[in-house]
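Here are the chains, one letter per residue:
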Amino acid sequence: MATTVGSADGDGGEAERLGKAGGRGRADGGRADGGRTDGGRTDGGRDVRTAGDRTRPAARRTRYRYRQTAVAYLFLAPSLAFFAVFLLLPLLFAVLLSLSRWAGFDLADLRPAGVDNFTALFARGSSFLTPVLTNTLLYALGTVALALTGAVLVAHCITHLRFQGFWRTLYFLPIVTTVVAVGNVWKYMYEPGGLVNGVLNALGLRSVAFLQDPVTALPSVVVVQAWASLGSAILILTAGLKAIPHVYYEAAELDGAGPFTVFARITLPLLRPSLLFVCVTQFITGLQSFALIIVMTGEGGPGDATNVAALEMYQRAFKYGDWGSASAAALVLFVLILVITSAQLWLFRRKGADA
Amino acid sequence: MKRRRVLAGLAGAAVSAAGCGAPGRGGSGRPGDPVVLTLLSHYATDPLKSALQRVVDEWNAAHDRVRVRTTAVRFQDLLTTLMVRQAAGQGADIVHPYSLWAGQLAEAGVVRPAPPGDAARIERGFARPAVRAASVHGRIIGYPTEVQPYALYYNKRLLRAAGLAGPPRTWRELEETAYRTARRDRHGNTLVQGFGLSRIDDSTVVNQTLALLASRGGSFLQPDGARSALDSPAGRAVFALERRLIDRGASDPGIDLMKAFPAGRVALAVSGAWWTGSLKQTMGRDYRDVGVAPVPGPAPGNRGTVTTGFLLGVNAKSRHPREAWEFLRWLNDEVAPAGSRAGPAAAVRATRMSVLQMSVGTMTGRTGDMRALLAAGGDPNLGPFVDALDYATPEPNGPRAQKAKALLRKNIEEMWTGRRPPDAAVRNAVRQVDQELSR
């Protein structure tokens, strides 16, 4: 019901301004000191007028809008049901578990635990904050930094080569290879008698225990993860590069700009939306993944050197039967991903990019 | 109580809605139809898989009323499968867990104590460490079907090449042997490890250390299992020994022991009885170079080691517990008929499970059966393991045992890699394990 308030005692100016807004059909238009609406009347019952001849078209518009909304929701229903069953319900179950103790066998054994699981995660001596969360961040950050830098350079080079399709396919190959195969091949290459150490030895250098030394273990896995995710990043960035209008490059050429200036002043700024997408998706993947770590270093070893949050929660749930603390860890990771992704979006949007 | 039911109801609804809820099975349920018992084990590959299937087929051929159906998953997937199936109401009637999980499974109500008759049979028929490994808080929960004491494996050829006549009997001899047999190339790559330290998983990393600890008279946990007992002279000595072996180039935990030993590139290693069968298969004729001796102690004759294993128990949710225990008695307690076996072993009086385990190169906790089967042509390398059943300490198996073991493993690895000095690693392990056990 669209009503408007023309003016109200004691606060005429403000109410008049609101009245104008109300004239556009805003139901909350009458909210002002001494001029509260109540079914279309002010407290004093004075200076009230209905929309009159505008009521019927407005009501029709409202009904039409309701109908449209209902139809939209009807079409959305299958997707919403899907998300409710496979996203919302598990999320609620995870929240419930994070506040409980459960060994993973019988649901009747669920015991309320309050916030104990969360406090235990950050208690003194707990390895969750350091090194597990620290490793997770370093792993994601390292992967994104390497993959993004490599992908920008390779994609830029590919656009200047012949047979671009061939090069894109070549760099995309790691994506279609299973993590187990990638991890095992690199694991053999890193071994004391493996290819990498063979090259080092041929150069007169001593062997490095890449995956056995806690100092080199995490960076070694990061390199593999970055290599494996290079393909998809290149694909997206190549598409982004092709979308940049050629006129900018022609104008730069006429102005006598060098290749570095063109890359820094034209290519990179205009590639920002693609970079944002790659950055956000790769970071989320980096924060969540642990398959490669399981293949290459077993259970996050040596010690906790390559242990990450996703692996830790998997172990807590399926190995130690501690579903409460595993769910608490999952929620902490969820919040972490949310904060980091929001920060990335904010940062890029400030610079005028949108995914 | 009401709140707990509401919570359980909510959780149940959540899981059911996600499509995980399903009723248990146990045959068609029609009158006259046989009861079908399901058995979940980790015997997923040969020769274990076919050995178990043979004995199950034998039962099925002789019993119309109760049939047994086996399901197997890899050992790495066993606990997860147990959990998921149990939560979904599809737990197997008979479960075959690692003894380390016994406390966790008992606390979660997956397995219940064995009936008094079976408990008495187990108490009588099996070696004490095997019975303790299959018990939680002094109550037996299943038949200890497989025991894995730890002993010292050595490569006779490498020892001979280093001018050594036999395996070490003391820690001092162990170190000397390790240093004399180790070899590296000019780039520092390990050619031969004097003493192999495995870092495949929790079991290999921790059990080899616990075996050395037990040989020195120490233990991981206090007798009541509530606190760590690692911060002792024995605990500190074991950590220091392993660190010394690495520092002086005799050990390289970065090398996969499971591949290096069969390749003849490791002189000494501590491992379980199951490895004999695996080595025999991998090494072929070279297996004759492999010898097994007790884990060396502080002085000749001092003995101590650790033992682990698997047990066969009945699911607390099984609809047919009586039939399940009947099958387990038949498998683990009745003497196998001689007709089903060939060769000298046919004359030996042993249970079906003892025959099964010996046929795949491992053993049950029935010392008498094992000695008789060994005398009838079994692998002589299993001898020291059978002897170890007289003095071995079972691995702790309380409700938080798996997590405590994982924490110990991480600290051992941090000590190996030099991130923590041995004493600091001991202290850190004790603090973390005590914190976990007090939860």
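Residues numbered from 1 in each chain as written. Chains lettered and ligands numbered in written order. Predicted model: local features only at pLDDT ≥ 70, side-chain atom pairs only at ≥ 80, totals over all residues.

Counting its regular elements, chain B contains 18 helices and 12 strands. Taking 2.2 N^0.38 as the reference for a compact globule, 439 residues should give roughly 22 Å; the C-alpha atoms of chain B span a radius of gyration of 23 Å, in line with that estimate. Projected onto its principal axes, the C-alpha positions of chain B cover 75 × 60 × 40 Å. For chain B, with 439 residues in total, the buried portion stands at 54%. Partitioning the contacts of chain B with sequence separation of at least 6, the portion at a separation of at least 24 is 72%. (Helix = DSSP H or I, 4+ residues; strand = E, 2+ residues; numbered from the N terminus. Rg over C-alpha atoms; globule rule 2.2 N^0.38 Å. Buried ≥ 20, exposed ≤ 12 C-beta atoms within 10 Å, placed from the backbone. Contact = placed C-beta atoms within 7 Å.)

Counting secondary structure elements, chain A contains 14 helices and four strands. A burial count over chain A gives 34% of its 355 residues as buried. A separation threshold of at least 6 residues defines the contact pool for chain A, and within that pool the share at least 24 residues apart is 66%.

All names here are of chain B. Taking 1.5 Å per residue as the helical rise, helix H2 (residues 48-62) with its 15 residues ought to reach 21 Å, and the 22 Å between its terminal C-alpha atoms agrees with that figure. Inspection of H2 places Leu48, Leu52 and Val55 among the buried residues, and these make up the whole buried set. Down the axis of H2, the buried side of the element spans an arc of 70°, and every buried residue falls inside it. Those residues of H2 that are buried are in contact with strand E1 (35-41), strand E2 (66-72), helix H13 (321-332) and helix H14 (352-359). (Expected span 1.5 Å × (residues − 1). Arc of directions from axis to C-beta.)

Let us look at the pairing of strand E8 (residues 190-196) of chain B. Residues and elements named next belong to chain B. Taken across its seven residues, E8 has six buried, putting it largely inside the fold. Summarising the sheet, strand E7 (residues 183-184) and E8 pair through two bridges and their orientation is antiparallel. Paired with Arg184 across the two strands is Thr190, which belongs to E8. Adjacent in sequence and paired antiparallel, E7 and E8 are bridged by five residues, among which Gly188 carries a positive phi angle near 90°. (Pairing = 2+ DSSP bridges.)

The subject of this paragraph is the interface of chain A and chain B. Between chain A and chain B, the residue contacts involve 37 residues of the former and 41 residues of the latter. For the side of chain A that touches chain B, the secondary-structure elements that each account for two or more residues are helix H2 (55-98), strand E4 (111-112) and helix H13 (309-319) of chain A. At six residues, the largest contribution of residues to the side of chain A that touches chain B is made by H2(A). Across the side of chain A that touches chain B, the residue classes break down as 18 nonpolar, 11 polar and eight charged. (Nonpolar A, V, L, I, M, F, W, Y, C, P; charged D, E, K, R; others polar.)

Residue and element names in this part refer to chain A. Direction vectors running N to C along H13 and helix H14 (residues 323-350) enclose 160°, while the axes themselves pass 7 Å from each other. Taken together, the axes of H13 and H14 lie roughly antiparallel to each other. The two elements H13 and H14 meet at a crossing, and its hand is left-handed. Facing Ala309, Ala310, Glu312, Met313, Arg316 and Ala317 of H13, the residues of H14 in contact are Trp323, Ser325, Ala326, Ala329, Ala330 and Leu333. Of the residues assigned to the contact of H13 with H14, the class counts are nine nonpolar, one polar and two charged. (Axes fitted to C-alpha atoms, helices over the stretch in contact; angles between N-to-C directions. Parallel < 35°, antiparallel > 145°, perpendicular 65-115°, else oblique. Left-handed = near helix turned anticlockwise from the far one by under 90°.)

What follows covers the environment of B:Gly196. Residue and element names in this part refer to chain B. Within the secondary structure layout, Gly196 lies in strand E8. Along the sequence, Gly196 and Asp256 sit 60 residues apart, while their C-alpha atoms lie 8.8 Å from each other. Residues contacting Gly196, with those up to four places away along its chain left out, are Ser251, Leu257, Ala260, Phe261, Val266, Leu268 and Ala269.

This brings us to unusual backbone geometry. Leave glycine aside and you will find that most residues have negative phi; peptide bonds, for their part, are mostly trans. In this structure, the amide linkage connecting A:Thr130 to the following residue, A:Pro131, adopts the cis form with an omega of 10°. Within the secondary structure, A:Pro131 is located in helix H4 (residues 128-158). Between B:Asp46 and the following residue, B:Pro47, the backbone shows a cis peptide bond with an omega angle of 10°. Here B:Pro47 is to be found in the loop between E1 and H2. Not every positive phi belongs to a glycine, and B:His137 is a case in point at roughly 50°. Residue placement: B:His137 occurs in the loop between strand E4 (135-136) and strand E5 (139-140).

Residues and elements named next belong to chain B. For helix H17 (residues 401-416), with 16 residues, the first-to-last C-alpha span of 22 Å sits near the 22 Å given by 1.5 Å per residue. Among the 16 residues in H17, 16 count as buried, and that is most of the element. Gly418 sits one or two positions beyond H17 and adopts a positive phi of about 80°.

Below, the discussion takes up the domain arrangement of chain B. Residues and elements named next belong to chain B. According to the domain assignment, chain B contains domain 1 (35-148 + 308-388) and domain 2 (150-307 + 396-437). Averaged C-alpha coordinates put domain 1 and domain 2 at centres separated by 28 Å. With 24 residues of domain 1 at the interface, the matching set in domain 2 holds 21 residues. At the level of elements, helix H4 (102-107), helix H6 (128-133), strand E6 (143-155), strand E11 (306-314) and helix H16 (383-388) are the ones that each hand at least two residues to the side of domain 1 that touches domain 2. Looking at the side of domain 1 that touches domain 2, the element that brings in the most residues is H4, giving four residues. (Domains from an automatic or database assignment.)

Bringing the packing of helix H9 (residues 202-215) of chain B against helix H10 (residues 233-247) of chain B into the picture now. Residues and elements named next belong to chain B. Running from N to C, H9 and H10 point in directions that differ by 125°, and their axes come no closer than 9 Å. What the angle tells us is that H9 and H10 run oblique. Crossing of H9 over H10 shows right-handed handedness. Residues Thr209, Leu212 and Leu213 of H9 touch H10, and the partners they reach there are Ala234, Gly235, Val238, Leu241 and Glu242. Of the residues contributing to the contact of H9 with H10, the split by class is five nonpolar, two polar and one charged.

We now examine the nonpolar core. Counting residues in hydrophobic clusters, the biggest one holds 190 residues, and the most contacted among them are A:Ala151, A:Ala329, B:Ile94, B:Ala134 and B:Ile141. Among the elements that take part in this core, H4(A) stands out by supplying 12 residues, more than any other. Not counting the four nearest positions on each side in its chain, A:Ala151 is found in contact with A:Leu230, A:Ala233, A:Ile234, A:Leu237 and A:Val278. (Core = buried A, V, L, I, M, F, W, Y, C linked by C-beta atoms within 7 Å.)

Time to look at the environment of B:Ile255. As for its placement among the helices and strands, B:Ile255 is situated in the loop between H10 and helix H11 (257-260). The buried category is assigned to B:Ile255, around which 25 C-beta atoms lie within 10 Å. Sequence separation between B:Ile255 and B:Ser198 is 57 residues; the distance between their C-alpha atoms is 7.9 Å. Contacts of B:Ile255, omitting those with residues within four sequence positions, involve A:Pro192, B:Thr190, B:Gln193 and B:Ala260.

What follows covers the confidence of the model for chain B. Residues and elements named next belong to chain B. Chain-level statistics for chain B give a pLDDT mean of 87 and a share of 91% at 70 or above. Predicted confidence is poor over residues 6-25, with pLDDT under 50, and the contacts of this stretch with residues over four places away or in other chains come to 37 contacts. Both confidence scores are given for the complex: pTM 0.78, ipTM 0.75. (pLDDT = per-residue confidence, 0-100.)

Here the focus is the pairing of E11(B). Residue and element names in this part refer to chain B. Burial analysis of E11 places nine of its nine residues in the buried class, which makes it a mostly covered element. The two faces of E11 match: Val306, Thr308, Phe310, Leu312 and Val314 on one face and Thr307, Gly309, Leu311 and Gly313 on the other face are all buried. Relative to E11, strand E3 (residues 94-95) is paired through two bridges, and the arrangement is antiparallel. Looking at E11, one finds that Ile94 is bridged to Val314. In terms of strand pairing, E11 meets strand E12 (residues 393-394) through two bridges, oriented parallel. Looking across to E12, one finds that Thr307 is bridged to Pro394.

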